[in-house]
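Summary of structural features
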Amino acid sequence: MTTITLWEPEERPAYILHYGDVEVVGPTLAADEVICDMCLSDLPLRPVPVVDGDALCLECLTKVVPDWQSQVTPLLELIWRTQISEFQASE
Ligand SMILES: [Zn+2]
């Protein structure tokens, strides 16, 4: 079974690259700047569902983990669906 982990994003660098001994730190992303790693859409879900290191929106999560609802509580699903409708209403 594919396991979902939950991530509460914080301010962090967009990327950290290493060229030999030289480290390049990308621009800082705010805690609310999260996109789906599969479809690159804005990701309003908190906590963020993460599968194999990829942050996923609900549509992509459904493709990757069809039984995701069996892994989260009904309350969390309700919270996510509320966040999505509030996000869509704000666009
Ligand atoms: Zn997605």
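The present account deals with the structure reproduced in this document. (Residues numbered from 1 in each chain as written. Predicted model: local features only at pLDDT ≥ 70, side-chain atom pairs only at ≥ 80, totals over all residues. Heavy atoms only, no water.)

Taken together, the 3 strands give an open sheet; going across it, the order is β1-β6-β7, and neighbouring strands pair in antiparallel fashion. The sheet terminates laterally at β1 (5-7) and β7 (54-55), the two strands that pair on one side only. Where strand β6 (residues 48-51) meets β7, 2 bridges bridge the pair, whose relative direction is antiparallel. Its bridge partner lying in β7, V50 is registered against A55. (Pairing = 2+ DSSP bridges. Helix = DSSP H or I, 4+ residues; strand = E, 2+ residues; numbered from the N terminus.)

With that settled, the discussion passes to the packing of aromatic side chains. Within this structure, the stated rule accounts for 1 aromatic pair. An angle of 45 degrees between the planes, with centres 5.9 Å apart, marks the rings of W68 and W80 as tilted. Remark: W80 occurs in helix α2 (residues 74-90) and W68 occurs in the loop between α1 (58-64) and α2; sequence separation between them is 12 residues. (Phe/Tyr/Trp six-rings, centres within 6.5 Å; stacked < 30°, edge-to-face > 60°.)

Attention now moves to the side chain of Q83. The residue Q83 is located in helix α2 in this model. Apart from residues no more than four positions distant in its own chain, Q83 is found in contact with P44, L45 and R46. (Contact = heavy atoms within 4.5 Å.)

Turning our attention to the nonpolar core. Formed by 19 residues in total, the largest nonpolar core has its most connected members in L43, L61, W68 and W80. Here L61 is in contact with I4, P49, V51, L56, P66, W68 and W80, once residues within four sequence places are set aside. (Core = buried A, V, L, I, M, F, W, Y, C linked by side-chain atoms within 4.5 Å. Buried < 20%, exposed > 50% of the residue type's maximum accessible area, 1.4 Å probe, protein only.)

Turning to the coordination of the zinc ion, a few remarks are in order. Protein coordination at the zinc ion: the donors are C36 (SG), C39 (SG), C57 (SG) and C60 (SG), at 2.3 Å from the metal. Angles of 105 to 120 degrees at the metal separate the 4 donor atoms of the zinc ion, which places the site in the tetrahedral class. Linear spacing of the donor residues for the zinc ion on their chain is C-x2-C-x17-C-x2-C. Residue C39 is classed as partly exposed on the basis of its relative accessible area, which comes to 40%. (Donors = N, O, S within 2.8 Å, 3.2 Å for Na, K, Ca; no water. Tetrahedral: all angles 85-135°; square planar, octahedral: opposite > 155°, others 65-115°.)

Moving on to the pairing of strand β4 (residues 22-25). In this sheet, β4 lies alongside strand β3 (residues 16-19) in antiparallel orientation, the contact comprising 4 bridges. Within β4, the position partnered with Y19 by the bridge is V22. Hairpin connection, β3 to β4: the antiparallel pair is bridged by 2 residues, and G20 has positive phi, about 60 degrees.

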